[in-house]
Amino acid sequence: SVLLMYVGLQLTPNTKEAIPLLPLLPISLLKQSTLASGLVDSVLGSGFVDGSQSSGTLDVPLSALAIAGFFGMVINALAMAPYGRTDGGRAATALLGRSGAQGISLLTSIAFFIISFTYNDNTSLSVIFPFLLFMGFYQGEQEVPCRNEVDEPGAISALLAGFAWFLMFLILT
């Protein structure tokens, strides 16, 4: 998804004739992601995101590939959240055990609740709050036990999970 967004940003034309033909992404939605807004600034020029907002435009014209990459990053980051029965929740269960995963899931839900109301600037809804509601209603049952809960995961698995959670944090904040 990050690579797709990068390629889409490279393909975004910067001419006045082509800009009206591009799909628009709300600047407030783009600014909710540190990684996405940093990627846009690094490819399209420093201050592109802040300059678009200060010029009075609420939408940024981007290539369709860049927009697809952005939403792919957000969806994958939400799936990697250590909450419930998501991929991140399963990784937390493997690394921390059932009680540790339940604790980190509670902390994640509290953090998501705070983030969803902190970063909302009344121009767009945060994507985190609907995800939190969905997970609360539809993911409430217990996880199916793993085949092997005895063997501890290796150090490489723990590092990869930590790196994935770090990227999830950069994408969602």
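Our subject is the structure listed above.
The structure displayed is predicted, hence computed values, not measured ones.

**Some words on helix α8 (residues 155–172)**
Move 1: Here α8 spans 26 Å end to end across 18 residues, near enough to the 26 Å set by a 1.5 Å rise per residue.
Move 2: Looking only at α8, the buried set comprises A161, W165, M168, I171 and L172. Projected down its long axis, α8 carries its buried residues within an arc of 120°, all on one side. Within α8, the exposed residues directed more than 90 degrees away from the buried face are A155, I156 and L159.
Move 3: For α8, the elements touching its buried residues are α3 (34–44), α5 (64–79), α6 (87–118) and α7 (128–138).

**Details of the environment of N76**
Move 1: Looking at the secondary structure, you find N76 in helix α5.
Move 2: Sequence-wise, N76 and I171 are 95 residues apart; in three dimensions their C-alpha atoms are separated by 9.4 Å.

**Quick word on α5**
Move 1: Between its first and last C-alpha atoms α5 spans 23 Å; for 16 residues at 1.5 Å apiece the expected length is 22 Å, and the two agree.
Move 2: Every buried residue of α5 is listed here: A66, I67, G69, F70, G72, M73, V74, A77 and L78.

**Quick look at the packing of aromatic side chains**
Any two aromatic rings considered together are summarised by their centre-to-centre distance and by the angle between their planes.
Move 1: Across all of its chains, the model carries three aromatic pairs by this definition.
Move 2: Look at F70 and F71: their rings are 5.2 Å apart centre to centre, the planes differ by 70°, and that puts the pair in the edge-to-face class.
Move 3: Ring geometry for F113 against F129: centres 6.3 Å apart, planes inclined by 55°, an arrangement best described as tilted. In this pair, F113 is assigned in helix α6 and F129 in helix α7, connecting sequence segments 16 residues apart.
Move 4: Classification of F129 by relative accessible area gives partly exposed; the value is 29%.

Conventions used here
Residues numbered from 1 in each chain as written. Predicted model: local features only at pLDDT ≥ 70, side-chain atom pairs only at ≥ 80, totals over all residues. Heavy atoms only, no water. Helix = DSSP H or I, 4+ residues; strand = E, 2+ residues; numbered from the N terminus. Expected span 1.5 Å × (residues − 1). Buried < 20%, exposed > 50% of the residue type's maximum accessible area, 1.4 Å probe, protein only. Arc of directions from axis to C-beta. Contact = heavy atoms within 4.5 Å. Phe/Tyr/Trp six-rings, centres within 6.5 Å; stacked < 30°, edge-to-face > 60°.

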